[in-house]
Amino acid sequence: MPLAFESESHGPIAFGFFNIETDMLLLEHYFFFASDFCRGVARLAVSQPKRYYKKLWEIYDIPVRDIGDLQGAISGIHLIGFIGEVYENFAFPHQPEGFKQNPDGFLTRPVIEKIVTRYGEERATPFKVDGKKERVAIGEYRFTFAGFHALLRYVWRGGYPRWKDEIRPEYVLKMKTAIEKSQWPLFKDLKFEI
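Note that the structure is a prediction, hence the values are computed from the model and not measured. (Residues numbered from 1 in each chain as written. Predicted model: local features only at pLDDT ≥ 70, side-chain atom pairs only at ≥ 80, totals over all residues. Heavy atoms only, no water.)

Caption draft 1: Up close: the pairing of strand β8 (residues 141-144). Residues Y141 and F143 of β8 are buried on one face, while the alternating residues R142 and T144, pointing to the opposite face, are not. With 4 bridges connecting them, strand β7 (residues 135-138) and β8 associate as antiparallel partners. Among the inter-strand pairings, V136 is bridged to a residue of β8, identified as F143. Hairpin connection from β7 to β8: 2 residues lie between these consecutive antiparallel strands, with G139 at a positive phi of about 60°. (Buried < 20%, exposed > 50% of the residue type's maximum accessible area, 1.4 Å probe, protein only. Helix = DSSP H or I, 4+ residues; strand = E, 2+ residues; numbered from the N terminus. Pairing = 2+ DSSP bridges.)

Structure representation (structure tokens):
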């Protein structure tokens, strides 16, 4: 489930997985796949450190009115908007012990991509690192290095409720390996706890 994270630009914002059967993440009104997020971070981590870094990430931007109602979708009673349609296809588990983030969630990507294109527009969105100011930005959302570390640790854990059987997808493991070898100051104090 998405949790509240502290951004420098907007205060507390929602970030995280919103359905256990997809690896898609939300960042307020931005939606992107965790596999793309991890690969983008890994590419940064293995690049030569510079004072400033900028890449364009393909991110779906969904108008707030079309996002839907997460709590209503989880309960199965208010299946509206993008999140509602995702839950029509991938319902919340009936048994609480089934509530674990599926490490094979990336396999549902073709289905999720068909749904998300009905609600949002895929846009080239800047991902920036400002080494001098020690800030990271994803589109309009800006984070301190420590704030961005919290997002990375969330993905590493599999959010809330964590990865099923503590098995992480390969893209998450590769991101962690790249970060641990990185020379970028951004990753200097980042610790991945189990």
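Caption draft 2: Highlighting the environment of A34. The residue A34 is located in helix α1 (residues 34-46) in this model. Counting along the chain gives 11 residues from A34 to D23, while the straight-line C-alpha distance between them is 5.4 Å.

Caption draft 3: Spatial organisation of the packing of aromatic side chains. All chains considered together, the criterion is met by 22 aromatic pairs. Both rings, one in F15 and one in F37, keep their centres 6.1 Å apart while their planes meet at 50°; by these two values the pair is tilted. You can see F15 sitting in strand β2 (residues 11-17) and its partner F37 sitting in helix α1, a full 22 residues away along the chain. Consider the rings of F106 and Y171, whose centres lie 6.4 Å apart with planes at 85°: the pair is edge-to-face. Residue F106 is located in the loop between α4 (81-89) and α5 (109-116), and its partner Y171 is located in helix α7 (residues 170-181); the two are separated by 65 residues in the primary sequence. Each residue in the set F5, F15, F17, F32, F37, Y53, W57, F127, F148, Y154, W163 and W184 is aromatic and connected to the rest through ring pairs, giving one cluster. (Phe/Tyr/Trp six-rings, centres within 6.5 Å; stacked < 30°, edge-to-face > 60°.)

Caption draft 4: Examining the environment of A137 more closely. Here A137 shows up in strand β7. Looking at A137, the relative accessible area reads 11%, which means it is buried. When the C-alpha positions of A137 and K54 are compared, they lie 9.3 Å apart, and in sequence the two are 83 residues distant. If we ignore the near neighbours within four places in the chain, the residues touching A137 are P126, F127, K128 and R142. (Contact = heavy atoms within 4.5 Å.)

Caption draft 5: Molecular detail of the sheet that holds strand β6 (residues 121-130). Pairing is antiparallel across the open sheet formed by 8 strands, whose spatial order is β1-β2-β3-β4-β5-β6-β7-β8. Of all the strands in the sheet, the pair left with one neighbour each is β1 (3-7) and β8. This sheet shows a mean twist of 30° between the axes of neighbouring strands, independent of strand direction. This element, α1, spans β2, β3 (24-27), β4 (30-33), β5 (52-61), β6 and β7 of the sheet and lies at about 80° to β4. (Axes fitted to C-alpha atoms, helices over the stretch in contact; angles between N-to-C directions.)

Any functional reading would require information that these geometric values do not contain.
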